[in-house]
Amino acid sequence: MALLTVASFPVLYASLELPKIIINRAISEPEAERTILGIGLSPVHYLLVLCFAFLLLVLANGAFKMRINTMKGVVGERQVRRLRFMLLDRMLRFPLPHFSRVSQGELISTVTAETEPLAGFIGDAFAQPLYQGGTMLTILLFLFIQEPMIGLVSVALIPVQAYIIPKLQIKVKQLGKERIRKVRQISERIGESVDNIREIRTNGTIRYVEADFSKHLGEIFEIRFEIYQRKYFIKFLNNFINQVTPFFFFSIGGYFVLHGDLTIGSLVAALSAFKDLTAPWKELLDYYQNAYDAQIKFEQISEQFSPPFLFDWPAAGPGQPSDLRAPYRMESVTWANEYGDRMLHRLSFEIPPGTLVGIAGTNALALRRLAEMMVRLSPPTSGRILIGEHPLDTLPLELLGRRMAYAGPEPHMFTGSIMQNMTYGLRHRPPEEDPATLTPERRRQIREAKASGSPYESMEGIWTDFAQVGVTDWKSFRPWLVQCLVATGGEEQIYRRGLREVFDPDDYPFIAEPLLRARHRLRETLIAQGMEGVLERFERDRFNLHASLAENMLFGLPDGKNLTVGRLVNHSGLRALMEEHGLWEPAVRIGRRFSMRVVSVYQDSADGEVLMMRYPHLDDALFEELVESVTRLRRRADRLERRQSESDKLLFATMFLMIVPNRDGPDLIPAAQRDAIMALRHRLLDDMPADLRDHVIPFDPDQYHGRLNVMDNLLFGRVTTEAPETITELRALVDTALEETDARAYVLVLVALGEVGIGGSLLPVGVRQRIQLMRGLVKKPDLFVIHQAMNSYDPADRLDIIRRMKETLPDMTVIVLEDRLPDDAGFDCVYDLEEGRLVRRGQAGDAAEADAAPDGSDDADGTALRLLSRSTLFADLPETALRRLLGAAEWRNVKAGDFIYRSGEQSEFVFVLAEGEAELIRLQPGRDPLHLAYIKPPEVFGDLELLAGTRRFSTIRARTDLRLLRLDGTALLRLLPYMPSLPMRVIQQTGRRLTSEAPP
């Protein structure tokens, strides 16, 4: 680009010089003959040669500009692509707490929109000063050669512009910086509104939100308005200065022409050259102004993407371990919150490989940070975490990703299928590409990616690393996937759901083929056991009383895309065939009787699911239309047929095709109509109209039907009985057929092919949590950290799933972090997180001794502070706020059986339990108190009534001798404006208390 720029200057000078020669020599002073390169030319030919030479110079100069600008664009786009990739890479290395301080909208806007203006400047940064500066010097050189005074006049006002214009531009750029900040704010507001759209609508705050948007849009308008005022004043001033210079040209240059010191051709050439001089000078001014603007933008971007404690991923080296099967150790690990308060204090412990360890703690924030530090999601404030002899922060990310798993309380899903989310942890092997078979387009993509410093691996192939779990392909991977499904629970539920799935066999032929094998095996089993009468199979020459009339007539079903049962009679060709076979009028008449029966039964019924189960093709809109038609007909008792509209006839004919004779009454369909349906069936099968042929899928015993669910495909017919024991036996035979043909796993896989929606929105929380566990288990990790990852399940179910996962991978180290863990849960050891320290259960630690400090001791305040910092309600409050709570606090001792407070008393105090156990009871006159829940250290109670502003509606009794801290309720209420989340925490704590388990 630089070489092309320098090469363009001689061409530019020649294009300035040639007009002077044309005017002075070819036009003003013509000669009979002039010689160019030894060739004699007449005046006209000489003029034409010079003009065509000028035209060639203009084309050459334009070609130089075009090529240089193209290269500028390429350089700029490559560098912006490099910058965006760097920003995305840094974003992936942000410490987790930083994401709570920067919004998603800000990051998206910065990476996409705010980097865009830099693309143009980055290209200009290399070429603009050289090209425009060289162009300007070339033009000035030409002007000074023509006449030194003309050259001085041309440059006289340039210093004035160079000083004044940038000064005025500084304020414009500062306003531009403020505009960027305001745009980021409104991006954050938009993202917040999208995330909270349910709350906005349910609370009716649309007007409030729109007023907030209007405020920010107004601020942006005011800034832009001031920018326009200053910007166009600068443009006016700049244009004025540029137009003053021609005044001097005409006056001074004209003076020299009149005195014979300057030719008129030179003056015209000078004027033309000066006109060309203003463009590069303006470009140079804009360049330096844009440089200042780009510097501000880059500083803002750099500042936003340079948080403290940015993670660094060490590269794999020869001394790195190949797995994580080694003792897991923490050495004096401490973590402090943003206020400087230590939530985890000098943790030191060792976990042998292959063990099942539990950590229980009621301080939710401390427990979360501990779990995140264990898998290197958050850095400790001090101390070391080691696996074997290797510090955790020195291990390569690829090793940790392959051999370590984490499941947290908020399962996150990627857009795609359930299967893609389950196997996400195996995406470590880029697909191999043969250089000999690469297309030109793919070669260009690789070349550009390398030029921009970006990865160039293909996203079209399969990234799944099957070797990571010891298999070679999807087929050999399937048994392990089923094992993981069984281990994480819900396998039976998924299997039953899979039997109800409908899929296109063209999309998944590898699933359709084993299901067809199972269909044939089931057929053989039913015949062998004499149960073929349980099914009425789909047979070409037999009317099926248990199938709908549409299925009987088509001997198949519409494809559901271009044609449905609800739109079947709208097809002109099919209606003509029905009329030809004498079926149309009976269809309308019988359909009308059937419609009246359906409406009378289900119109006022609250159980809409029964209607949908019996008539799956009758959706809500069609049923509402049916109700309206029947209502109109009931008002017209006389001459019914005449008063039927065409739409009513189509609707009744549609209902006719939904009739299942054996279910809805064989009397509805006389023998004549059955014969007509069979005749029409054979007509369609033998010679189906072309416009129907591609929209109807016929029944074929050797083909999987894309409009029947898996169970119907396996049966390939309709069940003839409703006896529960027979249905159960038939289901058992279906299960056996699937097992014997190795097709059961494909039913499970079929469910996994379903979409999860954006962020998993199509799945309930429980399913998302199971998928998260599957994602970790399926990659066979050496270490699995499970932090409250199954909070939607009962405690017993959680422990059962964990035990099954451990049995599936006995050598895997499993660390479970929950707020409560029983002693007899099968753990190799259990730790309690108390006062930021880990105490092995069954052992008294320093923290317990500290809590037992006697009243009035020097450490009483420190003990109270530690107790408050352990509680769920006050865990993340700064120490200054905690000390304000302790201003009127008192230690109290209560004997077993005594009441701390009773229902009906005033709500004046809040209590924090330090030692012993209390229980929440309900007093019943004349009967024993009703036990509701246990209360254990360091729980807070008495807070709910205080926040509600009511008298006590609960009763708390000491179950054992206990020691508690009594807080003044007024002091707590004063802190409420600084703790907006306190009421929600109180509700959550109350819910956990009422649903928790405790030893008797």
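Here, the structure is the one placed above.
Every residue gets a number counted from 1 within its own chain, in the order that chain's sequence is written. Side-chain atom pairs in this predicted model are given and counted only at pLDDT of 80 or more, local residue features only at pLDDT of at least 70, and totals for whole chains, interfaces and linings cover all residues. With hydrogens and water set aside, each side-chain value is computed from the structure's full complement of heavy atoms.

> I keep staring at helix α24 (residues 646–657) and nothing clicks. Help me out?
Since the α-helix advances by 3.6 residues per turn, residues separated by three or four positions end up pointing in the same direction. Strands here mean DSSP runs of E at least two residues long; helices mean DSSP runs of H or I at least four residues long; both are numbered from the N terminus. What a helix should span is 1.5 Å times the count of its residues minus one. If you check α24, its first and last C-alpha atoms are 17 Å apart, about what 12 residues at 1.5 Å a residue would give, namely 16 Å. Residues of α24 that are buried include every one of Asp 648, Leu 651, Phe 652, Ala 653, Thr 654, Met 655, Phe 656 and Leu 657, and no others. With a 1.4 Å probe rolled over the protein chains alone, any residue whose accessible area is under 20% of its type maximum counts as buried; one over 50% counts as exposed, and the rest are partly exposed.

> Help me out: how do you make sense of helix α17 (residues 509–528) in this one?
Between its first and last C-alpha atoms α17 spans 29 Å; for 20 residues at 1.5 Å apiece the expected length is 28 Å, and the two agree. Within the span of α17, buried status applies to Ile 511, Ala 512, Pro 514, Leu 515, Leu 516, Ala 518, Arg 519, Leu 522, Thr 525 and Leu 526. Contact criterion: two residues are considered in contact whenever any of their non-hydrogen atoms come within 4.5 Å of each other. Tucked into the core, α17 has its buried residues touching β9 (535–537), α28 (710–715), α29 (724–740) and α30 (744–752). Gly 530 sits one or two residues past α17 and shows a positive phi near 70 degrees.

> Sorry if this is basic, but what is going on with the packing of aromatic side chains here?
Working definition: an aromatic ring pair is given by the centre-to-centre distance plus the angle between the planes. In this scheme Phe, Tyr and Trp rings, the latter by its six-membered ring, pair at centre separations within 6.5 Å, and the angle between planes marks the pair as stacked below 30 degrees, edge-to-face above 60, and tilted otherwise. What the rule picks out here adds up to 19 aromatic pairs. To sit over a ring, a charge needs its Lys NZ or Arg CZ within 6 Å of the ring centre and within 35 degrees of the ring normal. The aromatic ring of Trp 891 is capped on one face by Arg 963, whose charged end is 3.7 Å from the ring centroid. If you follow Arg 966 out to its NZ or CZ, it ends over the ring of Phe 909, 3.8 Å from the centre.

> Explain the pattern of salt bridges here, please?
Pairs can form between side chains of opposite charge once their charged atoms are near each other. For this document, the term salt bridge refers to a Lys or Arg side-chain nitrogen within 4 Å of an Asp or Glu carboxyl oxygen. Here the structure, examined in full by the defined rule, presents 43 salt bridges. Two residues, Glu 226 and Arg 230, come together in a salt bridge whose shortest N-O distance is 3.3 Å. Linking Glu 226 with Arg 230, this pair stays in helix α9 (residues 206–258), spanning 4 residues, or about one helical turn. Its salt-bridge partner being Arg 368, residue Glu 410 comes within 2.9 Å of it at the nearest N-O pair. Taken together, the residues span a long stretch of sequence, with Glu 410 in the loop between β8 (404–407) and α13 (418–422) and Arg 368 in helix α11 (residues 364–374) at a distance of 42 residues. What makes Glu 410 partly exposed here is its relative accessible area of 40%. Residue classification places Arg 368 among the partly exposed positions, given a relative accessible area of 25%. Three or more residues are tied together by salt bridges with common partners; here these are Arg 329, Glu 331, Arg 384 and Glu 389.

> Is there a simple way to think about the nonpolar core in this case?
Generally speaking, nonpolar side chains in soluble globular proteins are found buried as a group. To form a nonpolar core, buried Ala, Val, Leu, Ile, Met, Phe, Trp, Tyr and Cys residues must be joined to one another through side-chain atoms within 4.5 Å. One finds Phe 477, Leu 515, Val 710, Leu 714, Leu 738, Leu 773 and Phe 784 to be the most contacted residues of the largest nonpolar core, which totals 74 residues. Look past the residues within four positions of Leu 738 in its chain and what remains in contact with it is Tyr 495, Leu 499, Leu 515, Ala 518, Leu 714, Ala 743, Arg 744 and Val 747. In terms of nonpolar packing, the next biggest core, distinct from the first, is built from 54 residues, Val 588, Val 598, Ile 659 and Leu 692 among them.

> Honestly, the pairing of strand β24 (residues 962–968) in this entry has me stumped. Any pointers?
Where a strand is regular, its side chains alternate between the two sheet faces. For β24, the tally of buried residues reaches 6 of 7 residues, placing the bulk of the element in the interior. Pairing of strand β17 (residues 890–894) with β24, which is carried by 5 bridges, proceeds in the antiparallel orientation. What sits directly across from Trp 891, in β24, is Leu 965. Across 6 bridges, the pairing between strand β19 (residues 909–915) and β24 is antiparallel. Looking at the pairing, Leu 913 lines up with Leu 964 of β24. Any two strands between which DSSP finds at least two bridges are classified as paired.

Shape descriptors only; they carry no functional weight alone.
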